[in-house]
Amino acid sequence: YDMTDYHVFSMDSVGGPVTDHGIALKADSVPWVDKQMWAPDAAEKNGKYYLYYPARDKEGIFRIGVAVSDKPEGPFEPDPEPIQGSYSIDPATFVDDDGKAYLYFGGIWGGQLQCWRTGKFVREAYETMEASGDEPALLPRVAKLTEDMRSIDGEVREVVINDSDGKLIHASNHDRRFFEAAWLHKYKGKYYFSYSTGDTHYLVYAIGESPLGPFTYAGRILEPVQGWTTHHSIVEFKGKWYLFYHDTSLSGKNHLRSVKMRELVYDADDKLKLAESQS
């Protein structure tokens, strides 16, 4: 839970040899970072590669930083300050077909999202952990990125996730409510927003008509795996879709995780599910 650097791994084919390209970015290279570099994401635009990462600043508040490289494997050169207006954890980036880019982020409990209910950081709200009582669940955040991919363009918005009845998912519904690990991908013109439910250990998803939402809950992608946390990405590679995630099957320890991948398929209604047979 206290990563000090990131590595980039690559494969030329599914199941093929894995190359470790070494350190892509380390905490000591980022002036504003105090500790705890958590789950990052990367994007490419106009021939440049951008690494987005969360970490605690000198005041103990999670912010999101960006670092840039000419190569997908890095090394990445970090901007000296976090992205203005960013907070919480688990950044995910999505560049749409029209070239517009979006940054998704947020995580409750340790991710501090509950501290930002008012739009400003309230440290005391950390103890409440998440929405409680008869109210909707806390929602992840989304913001448009500027053309250079290094700043937020406009305001940070909530990502609306409705249940199948058209109402916001309730705070008590831990099987469906957002916890952390936002991800967005596009398939046949629709936007698939997926995330982890945290303490119930599911990966679930919702579908919308816009990258900004709203999204409607559509089902589960992955049942609980070994280890407390579940975090993922969904990508297309050589005409097939894959789910990348992690578990603790090698280490048996929650803080030591192994990367895994499984093929995903879409049914006749374009709903997601794991492929029945795995290569």
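The paragraphs below set out a description of the structure included in this document. Throughout, residues of each chain are indexed from 1 in the direction in which the sequence is written. Selection of residues for local features in this predicted model requires a pLDDT of at least 70, selection of side-chain atom pairs for listing and counting requires 80 or more, and totals for whole chains, interfaces and linings are taken over all residues. Hydrogens and waters are ignored; side-chain quantities use all the structure's heavy atoms.

Moving on to the sheet that holds strand β17 (residues 240–247). Reading across the sheet, the four strands line up as β16-β17-β18-β19 and stay open at both edges, with antiparallel pairing between neighbours. In the strand order of this sheet, the two ends are held by β16 (232–237) and β19 (272–274), each with one partner. When the angles between neighbouring strand axes are averaged without regard to direction, this sheet yields 40 degrees. At least two bridges found by DSSP between two strands are what make those strands a pair. A run of DSSP states H or I qualifies as a helix once it reaches four residues; a run of E qualifies as a strand once it reaches two. Both are numbered from the N-terminal end. Note on geometry: axes are C-alpha line fits, over the in-contact stretch for helices, and angles between N-to-C directions span 0 to 180 degrees.

Note on ring pairs: Phe, Tyr and Trp rings are taken, using the six-membered ring of Trp, and paired if centres are within 6.5 Å. Classes follow the plane angle, with under 30 degrees stacked, over 60 edge-to-face and the rest tilted. According to the stated counting rule, one finds 20 aromatic pairs in the structure shown. Taken together, a centroid distance of 5.0 Å and an interplanar angle of 75 degrees make the contact between W109 and F179 edge-to-face. You can see W109 sitting in the loop between β8 (101–105) and β9 (141–145) and its partner F179 sitting in the loop between β11 (161–162) and β12 (180–187), a full 70 residues away along the chain. Each residue's exposure class comes from its accessible area (1.4 Å probe, protein chains only) as a fraction of the maximum for that residue type: buried when under 20%, exposed when over 50%, partly exposed otherwise. You can call F179 buried: its relative accessible area is 3%. For the pair Y192 and Y266, a centre-to-centre distance of 5.9 Å together with 80 degrees between the ring planes defines the contact as edge-to-face. Taken together, the residues span a long stretch of sequence, with Y192 in strand β13 (residues 190–196) and Y266 in strand β18 (residues 258–266) at a distance of 74 residues. Taking the relative accessible area as the measure of exposure, Y192 reaches 1% and is therefore buried. In this structure Y266 comes out as buried when scored by relative accessible area, which is 15%. Here the aromatic cluster, defined as three or more aromatic residues joined through ring pairs, consists of Y104, F178, F193, Y195 and F215. Above the plane of the ring of Y202 lies R220, whose end atom (NZ or CZ) is 3.6 Å from the centre. Distance and angle both matter: a charge sits over a ring if NZ of Lys or CZ of Arg is within 6 Å of the ring centre and within 35 degrees of the ring normal.

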